[in-house]
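Now for the letters of each chain:
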Amino acid sequence: MYKIQLFQDGKIETAAKHELVKGMPDEEFGFLFDEPMHMDATESEFSTNENVCVPQPPLIPQPPIIPQTPTAVRAPPKTASCTMTRFVSVDDDEVDKFVHNNENNNTRKKTLCHMKLSKTFLSENGEMRETHNIPPMELDTHLSKFMIGVRQKNGNNYQPSVLRGMLGSFERYLKRHRYGTSLVSGYEFSKTREVMRAKQKELKRQGMGNKPFAADAITNSDIDLLYKTKQLGCSTPASLINTLWMNNTTHFGMRGGGEEHRALCWGDIQLHYDNDLCLEYIVHNERQTKTRTGEDTNNTRNGQPRMYETPNNKERCPVTAYKQYSDKRPSNFSAPQHPFYLATITHVNNPTLDDRWFIRGPIGRNKIGQL
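Everything in this summary refers to the structure shown in the same document. Given the structure is predicted, the values throughout are model-derived calculations rather than measurements.

Quick notes on the nonpolar core
- Judged by nonpolar contacts, the single largest core of 29 residues is most densely connected at Leu 240, Tyr 325, Phe 340 and Tyr 341.
- Listing elements by their share of this core, those giving two or more residues are helix 8 (220–228), helix 9 (237–252) and helix 11 (318–328).
- Take this core: its biggest share by element is 6 residues, from helix 9.
- Once residues within four sequence positions are removed from consideration, Tyr 325 is found in contact with Leu 240, Ile 241, Leu 244, Trp 266, Phe 340, Tyr 341, Leu 342 and Phe 358.
- Counting residues in each nonpolar core, the second largest holds 23 residues, with Ile 134, Phe 146, Phe 170 and Phe 189 among its members.

Remarks on the packing of helix 5 (residues 136–149) against helix 7 (residues 190–205)
- Between helix 5 and helix 7, the least distance of the axes is 8 Å, while the angle of their chain directions is 10 degrees. Relative to helix 7, the element helix 5 is oriented roughly parallel. Touching Asp 140, Leu 143, Ser 144, Met 147 and Ile 148 of helix 5 are Ser 190, Lys 191, Thr 192, Val 195, Met 196 and Lys 199, all from helix 7.
- Looking at the contact of helix 5 with helix 7, its residues break down into 5 nonpolar, 3 polar and 3 charged.

Thoughts on the side chain of Ser 239
- Along the chain, Ser 239 turns up in helix 9.
- Ser 239 gets classed as buried once you look at its relative accessible area, which sits at 1%.
- A distance of 2.8 Å separates a polar atom in the side chain of Ser 239 from a polar atom in the side chain of Thr 236.
- With residues near it in sequence (within four places) discarded, Ser 239 still touches Lys 230, Gln 231, Leu 232, Gly 233 and Cys 234.

Cut-offs used in this document
Residues numbered from 1 in each chain as written. Predicted model: local features only at pLDDT ≥ 70, side-chain atom pairs only at ≥ 80, totals over all residues. Heavy atoms only, no water. Core = buried A, V, L, I, M, F, W, Y, C linked by side-chain atoms within 4.5 Å. Buried < 20%, exposed > 50% of the residue type's maximum accessible area, 1.4 Å probe, protein only. Helix = DSSP H or I, 4+ residues; strand = E, 2+ residues; numbered from the N terminus. Contact = heavy atoms within 4.5 Å. Axes fitted to C-alpha atoms, helices over the stretch in contact; angles between N-to-C directions. Parallel < 35°, antiparallel > 145°, perpendicular 65-115°, else oblique. Nonpolar A, V, L, I, M, F, W, Y, C, P; charged D, E, K, R; others polar. Polar contact = N/O pair within 3.5 Å; in protein donor to acceptor, adjacent residues only side chain to side chain.

The analysis is restricted to geometry; functional conclusions fall outside its scope.
Dropping the structure here:
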């Protein structure tokens, strides 16, 4: 007995010879036929034979389709080229240098001076280790003796405020070297703090600590004398610089030292007009100061200080002095980033109003510090 299996298109899929029971379907190959058939029959013969029944292919059950949960697609990691546009590469040395450059110059000098004095004391007492390498208990003993025995070069005692400044210098030095124990709050240095307080009380009993170097307040008579002797006014380059310095100090609250005045730029002082009062005035855009360093963002002025013109007294009018100084500055040297105080000429002793008064350069640090 022969059997074949056909699909709907009439093509022969498989043919084999089996000895099976007549009429029994073959589960593997399909249906059985009584008559033998030649295997070389063409496709057309099978398709036109009426005795051949073309059955439908059996339905094969398919496994159920299980929906897959979509997985989150992770973003590719950012490359170095992406981060370079947002951040600047900084190493440890640059961090230390940045902190060092933004430290107050006077504070840095004072710290170095006090640490040099303490090293001299330690070496005279046989201690050759660096200060930050000495254990806290031993260092507390050394500093206690230092506070009692330290003297000026002439043998006199320091002022009580100077002793407190020394303690602050030691604290800054130890913090910079990550000492791990605070000199002003750690219990390991309680003896040093007790000795310093006792020394301050002793010095106060001796009449010290009354700020003997405090400056006296300037009076109206002193100001009249300065204008009379032409040290203030607009008649000479030197008197004009003195007047600007005087006005900025008294009206804007700038410190008399050279740091704040030397850091002042031309764009920090601006001329405006008050429509309500019909008067011109000058405003100051404050930069970093000793008391407002920028470390505390809440420690700022409530508003910009102003200097109004005095139409009834042109000789002492701050706006008049500012305008004359603006006219006498060198050409193309009044950009916002240019220095406010300029050096005066030195080749002419008494220049007239038509002569050149100032050069294209800032005033000297020592000069402005002595005003």
